[in-house]
Amino acid sequence: TSAVLFDSWTVRVVALPFSLFIISILLGRATMLINLTEWSTALKSVSRELVIQTKDTRFILVKGEDVPVYVEEGIADLGITGSDILIEQNCNINNLMDLPFGYCHFAIASKEKKDVYPVVATKYVNFTRQYFDSIKQPVKIIKLNGSVELAATIDMADAIMDIVQSGKTLHDNGLSEQVRLDDINARLISNKHAYFSKYDEIQTIINQLKVKNNVHN
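Residues numbered from 1 in each chain as written. Predicted model: local features only at pLDDT ≥ 70, side-chain atom pairs only at ≥ 80, totals over all residues. Heavy atoms only, no water.

A. Representation of a nonpolar patch on the surface. Together, Leu 150, Ile 154 and Met 156 make up a nonpolar patch on the protein surface, roughly 290 Å² of accessible area in all. Inspection of the secondary structure puts Ile 154 in the loop between helix H5 (149-153) and strand S10 (159-164). (Patch = residues over 30% accessible without salt bridge, like charges linked within 9 Å, V, L, I, M, F, W, Y side chains within 5 Å. Areas by Shrake-Rupley, 256 points an atom, 1.4 Å probe, with all protein chains shown as cover. Salt bridge = Lys/Arg side-chain N within 4 Å of Asp/Glu carboxyl O. Helix = DSSP H or I, 4+ residues; strand = E, 2+ residues; numbered from the N terminus.)

B. Highlighting the sheet that holds S10. Taken in spatial order, the five strands of this open sheet run S9-S8-S10-S7-S11, and their pairing is mixed. The open sheet has two free edges, formed respectively by strand S9 (140-143) and strand S11 (176-184), since each of these has just one partner strand. For this sheet the average axis-to-axis angle between neighbouring strands, irrespective of direction, equals 25°. Pairing geometry for strand S8 (residues 119-122) and S9, over four bridges, is parallel. From the neighbouring strand, Thr 122 faces S9, where its bridge partner is Lys 143. (Pairing = 2+ DSSP bridges. Axes fitted to C-alpha atoms, helices over the stretch in contact; angles between N-to-C directions.)

C. View of the packing of aromatic side chains. Inspection of the entire model under this criterion finds five aromatic pairs. Where Tyr 195 meets Phe 196, the ring centres are 5.5 Å apart and the plane angle is 80°; that geometry is what we call edge-to-face. Connected via pairs of aromatic rings, a cluster forms that spans Phe 106, Tyr 124 and Phe 127. (Phe/Tyr/Trp six-rings, centres within 6.5 Å; stacked < 30°, edge-to-face > 60°.)

D. Geometry of the environment of Asp 84. With respect to the helices and strands, the residue Asp 84 is situated in helix H3 (residues 83-89). Distance from Asp 84 to Asp 182, taken between C-alpha atoms, is 8.9 Å for residues 98 residues apart in sequence. Every residue in contact with Asp 84, bar those within four places of it in the chain, is listed here: Phe 106, Tyr 124, Ile 163 and Ile 184. Within the structure, Asp 84 has its side chain in polar contact with the side chain of Tyr 124 (distance 2.6 Å). (Contact = heavy atoms within 4.5 Å. Polar contact = N/O pair within 3.5 Å; in protein donor to acceptor, adjacent residues only side chain to side chain.)

E. Representation of the nonpolar core. Ranked by size, the top nonpolar core spans 15 residues in total, and within it Ile 108, Phe 132, Met 161 and Leu 181 carry the most contacts. At the level of secondary structure, the elements contributing two or more residues to this core comprise strand S7 (104-110), helix H4 (125-134), S10 and S11. Not counting residues up to four positions away in its chain, the partners in contact with Ile 108 are Tyr 117, Tyr 131, Phe 132, Ala 159, Ile 160, Met 161, Ser 176, Glu 177, Gln 178, Val 179 and Leu 181. In terms of nonpolar packing, the next biggest core, distinct from the first, is built from 14 residues, Ala 107, Ala 152, Ala 157 and Val 164 among them. (Core = buried A, V, L, I, M, F, W, Y, C linked by side-chain atoms within 4.5 Å. Buried < 20%, exposed > 50% of the residue type's maximum accessible area, 1.4 Å probe, protein only.)

F. View of the pattern of salt bridges. Enumeration over the complete set of coordinates arrives at seven salt bridges. Of the charged contacts, one joins Asp 77 and Lys 198 as a salt bridge, the two residues approaching to 3.0 Å between their closest N and O atoms. You can see Asp 77 sitting in the loop between helix H2 (67-72) and strand S5 (78-82) and its partner Lys 198 sitting in the loop between helix H7 (192-197) and helix H8 (199-216), a full 121 residues away along the chain. Taking the shortest distance from any N to any O, the salt bridge between Asp 158 and Lys 114 comes out at 3.4 Å.

G. Spatial organisation of the confidence of the model for the protein. Looking at the protein as a whole, the pLDDT averages 78, with 70% of positions reaching at least 70. Predicted confidence is poor over residues 1-33, with pLDDT under 50, and the contacts of this stretch with residues over four places away or in other chains come to 113 contacts. (pLDDT = per-residue confidence, 0-100.)

H. Quick look at the side chain of Asp 162. Structurally, Asp 162 is set in strand S10. Lys 123 is the oppositely charged side chain nearest to the buried, salt-bridge-free Asp 162, at an N-O distance of 6.7 Å. Dropping the residues within four chain positions of it, Asp 162 is found in contact with His 105, Phe 106, Ala 107, Tyr 124, Val 148 and Glu 149. (Lys, Arg positive; Asp, Glu negative; His and termini not counted.)

The structure is reproduced here in structure tokens:
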């Protein structure tokens, strides 16, 4: 999915998360104040569309893991994505600010606690490799893209490395958290070039997000 080109009034693209998707947003130069209520209304109307258009905002939905790619490549000037994705992908973007949602953490989970975990299943291969290198423990990493818990449940792996929020999914699959690691939350990111070329517009969004955050706190 790609954003269509606007005329010369186009000044920025923003990527925001929604469920398992992100939304890329094109804003006109005249929109110096962002109508967050309008955004919310538009997002709540999403069914199976990949593009949502409001008066001066376009939302483009893509898979969550692609958020940093769209931002790094300049398709989106701003984005909101999980810090877990940023850690794993190591994209060349600006990490602008923490956002007050998406809280969870990395964890090693298994049926029972062990001194070593020779085989670990995960979708976070880079983070897992970095962790086990840091504790100087050899490990075989099995990359999976979904239902990671199954690997430990059926003994294909000694443990899994995954993100954990409540721990209910682990419990339902006979696993428990053994090692708690880095905390995760949503982050506002930007394309490096856009941050300088469109600083005023991006700062407007940052300031309004900060105000909304303070109101809810």
